[in-house]
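What follows is the residue order along each chain.
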Amino acid sequence: MSWETALDRQIHDYLPDLKWAADEPMAKHTSFRIGGPAKRMAFPKTREQLVVLMGFLQDAGVKPLLIGNGTNLLVADKGLDTVVIDTSAELSHIELTDEGEIAADAGVSLAKLALFAWKNGLTGLEFAHGIPGTLGGGVVMNAEHPQNKMNAGAYGGELKDVVTEVTALYPDGVKVLTPAELDFSYRHSVFSAGEGIVLGAKVKLESGDPDAIKAKMDDLMARRKASQPLELPSAGSTFKRPTGYYAGPLIEGCGLKGCRVGGAEVSSKHAGFVVNVGGATCADVLALIEKVQKTVYDAHGVMLEPEVKIIR
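The rules behind these values
- Residues numbered from 1 in each chain as written.
- Predicted model: local features only at pLDDT ≥ 70, side-chain atom pairs only at ≥ 80, totals over all residues.
- Heavy atoms only, no water.
- pLDDT = per-residue confidence, 0-100.
- Contact = heavy atoms within 4.5 Å.
- Core = buried A, V, L, I, M, F, W, Y, C linked by side-chain atoms within 4.5 Å.
- Buried < 20%, exposed > 50% of the residue type's maximum accessible area, 1.4 Å probe, protein only.
- Helix = DSSP H or I, 4+ residues; strand = E, 2+ residues; numbered from the N terminus.
- Axes fitted to C-alpha atoms, helices over the stretch in contact; angles between N-to-C directions.
- Parallel < 35°, antiparallel > 145°, perpendicular 65-115°, else oblique.
- Left-handed = near helix turned anticlockwise from the far one by under 90°.
- Nonpolar A, V, L, I, M, F, W, Y, C, P; charged D, E, K, R; others polar.
- Expected span 1.5 Å × (residues − 1).
- Arc of directions from axis to C-beta.
- Pairing = 2+ DSSP bridges.
- Salt bridge = Lys/Arg side-chain N within 4 Å of Asp/Glu carboxyl O.
- Disulfide = S-S within 2.5 Å.

**Regarding the confidence of the model for the protein**
Link 1 in the chain: Confidence in the prediction for the protein averages 92 pLDDT; 96% of positions are at 70 or higher.
Link 2 in the chain: In this model, residues 147–154 is a region of pLDDT below 50 whose contacts with residues beyond four sequence positions or in other chains number twelve contacts.

See below:
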């Protein structure tokens, strides 16, 4: 019996309320709108469902791929021979605790988290309103909105500044991690190595003026729309920020704006983004990334490292 057939039976018998799909196109679940079918895909509604499912997968020897909104993923055209777990669909409970913290499931979008904070008169998460993706993914990558030459002082921030604890699932059980244990740094956390699964987190904010909070979030969104190609599918910034440089200006300086491979293009609006202008494949994007890397390295001696997580 194949692993997927065995899991189908387990899910039917023990998790009948779990949404469980076969051969689900990953293009429907990534912001790039690219990716072949996942052999199986799960959409847990509760942390308890996710914990039970992970036990089944561990026993079956299946290493799943957990995703939120799929905003930083580039998935292979041939698809994935595993179980993909989407936390963003329904694992999205959020509440204000008696201690004044916000407690939220991993699948809550960072934008929703910021709006919840604003509606409760709490400041410190305005930067998150401009970050695509979920709280779980944000914790894994220590999501930030950087203060750079385009927005100095305007809305910089990162999750490590506000997260007070993270609840995570490990093979030996559920653990609650403190900020000191999270090992946050640029685009990094203790979860970056692939150990542990974020189930939820708490953030601590300060009281603030709702009008000022909303004005800051509105300003952030206006700046994003003006400077980033939000009208086209992408995975956000394609490359990490190299030490001493910014990827966008390096790429633009090499005359690569508008450069295309198939349906993939270096955005003419912001050179730091590779966008899907229509029908782009994973192979198209990878070829364009390699072309950009080679061109920039030849011109400046800087090797750009992809920020996009490539799954193949």
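**Some details on the nonpolar core**
Link 1 in the chain: Among the nonpolar cores identified, the biggest contains 33 residues, and Leu 113, Leu 125, Val 139, Leu 159 and Phe 191 are the most heavily contacted of them.
Link 2 in the chain: Every element with two or more residues in this core is listed here: strand 7 (102–105), helix 3 (110–119), helix 4 (135–141), strand 11 (163–170), strand 13 (197–203) and helix 6 (210–227).
Link 3 in the chain: For Leu 113, the contacting residues outside a window of four places in its chain are Ile 94, Ile 102, Ala 104, Val 108, Leu 125 and Leu 135.

**Considering the packing of helix 1 (residues 3–14) against helix 2 (residues 47–60)**
Link 1 in the chain: Two numbers describe how helix 1 lies on helix 2: the axes approach to 11 Å, and their chain directions differ by 150 degrees. Judged on the interaxial angle alone, helix 2 and helix 1 are roughly antiparallel. Read as a crossing pair, helix 1 and helix 2 show a hand that is right-handed. Mapping the contact onto sequence places Leu 7, Gln 10, Ile 11 and Tyr 14 in helix 1 and Leu 53, Phe 56 and Leu 57 in helix 2.
Link 2 in the chain: For the contact of helix 1 with helix 2, the class distribution of residues is six nonpolar, one polar and no charged.

**Topic: helix 6**
Link 1 in the chain: With 18 residues, helix 6 extends 26 Å between its outermost C-alpha atoms, agreeing within 8% with the 26 Å of an ideal straight helix rising 1.5 Å per residue.
Link 2 in the chain: Listed in full, the buried residues belonging to helix 6 are Ile 213, Met 217, Leu 220, Met 221 and Arg 224. Angularly, the buried residues of helix 6 cover 95 degrees about the axis, an arc narrow enough to put them on a single face. Seen from the buried face of helix 6, the exposed residues on the opposite side, beyond 90 degrees, are Asp 211 and Ala 226.

**A word on the packing of helix 3 against helix 6**
Link 1 in the chain: It is the contact of helix 3 with helix 6, at a shortest axis distance of 9 Å, that shows an interaxial angle of 155 degrees. Classified by the interaxial angle, the pair formed by helix 3 and helix 6 is roughly antiparallel. Contacts between helix 3 and helix 6 involve Ala 114, Leu 115 and Trp 118 from the first element and Pro 210, Ile 213, Lys 214 and Met 217 from the second.
Link 2 in the chain: Class assignment for the residues of the contact of helix 3 with helix 6 results in six nonpolar, no polar and one charged.

**Here's the deal with the sheet that holds strand 17 (residues 274–276)**
Link 1 in the chain: Spatially, the three strands line up as an open sheet ordered 15-16-17, and their pairing is antiparallel. Two strands bound the open sheet, and with one partner strand each, they are strand 15 (260–261) and strand 17.
Link 2 in the chain: The sheet contact formed by strand 16 (residues 264–266) and strand 17 spans three bridges and is antiparallel. What sits directly across from Val 266, in strand 17, is Val 274.
Link 3 in the chain: Sitting on the sheet, helix 8 (residues 282–300) is in contact with strand 15, strand 16 and strand 17, with an inclination near 30 degrees to strand 16.

**Some points on the pattern of salt bridges**
Close approach of charged atoms lets side chains of opposite charge pair.
Link 1 in the chain: As enumerated under the stated definition, the model contains 13 salt bridges in all.
Link 2 in the chain: The partner of Asp 161 in a salt bridge is Lys 160, and the shortest N-O contact between them spans 3.7 Å.
Link 3 in the chain: For Glu 165, the salt bridge is made with Lys 202, and the minimal N-O distance between the two is 3.8 Å. Note that Glu 165 is positioned in strand 11 and Lys 202 in strand 13, a separation of 37 residues in sequence.

**So, the state of the cysteines**
Link 1 in the chain: Scanning the entire structure with this criterion turns up zero disulfides.
Link 2 in the chain: Cys 254 forms no disulfide, and the closest cysteine sulfur to it belongs to Cys 259, at a distance of 11 Å.

**With respect to the side chain of Glu 307**
Link 1 in the chain: Structurally, the position occupied by Glu 307 is in the loop between helix 8 and strand 18 (309–311).
Link 2 in the chain: When residues no more than four places from it in sequence are discounted, the contact partners of Glu 307 are Tyr 186, Arg 187, Ser 237, Thr 238, Phe 239 and Lys 240.

**Side note on helix 1**
Link 1 in the chain: Taking 1.5 Å per residue as the helical rise, helix 1 with its twelve residues ought to reach 16 Å, and the 16 Å between its terminal C-alpha atoms agrees with that figure.
Link 2 in the chain: Inspection of helix 1 places Glu 4, Leu 7 and Ile 11 among the buried residues, and these make up the whole buried set. The arc enclosing the buried residues of helix 1, seen along the axis, measures out at 60 degrees, which places them on a common side. Residues of helix 1 that are exposed and point over 90 degrees away from its buried face: Arg 9, His 12 and Asp 13.
Link 3 in the chain: Close packing links the buried residues of helix 1 with strand 1 (19–25), strand 2 (37–43), helix 2 and strand 5 (80–86).

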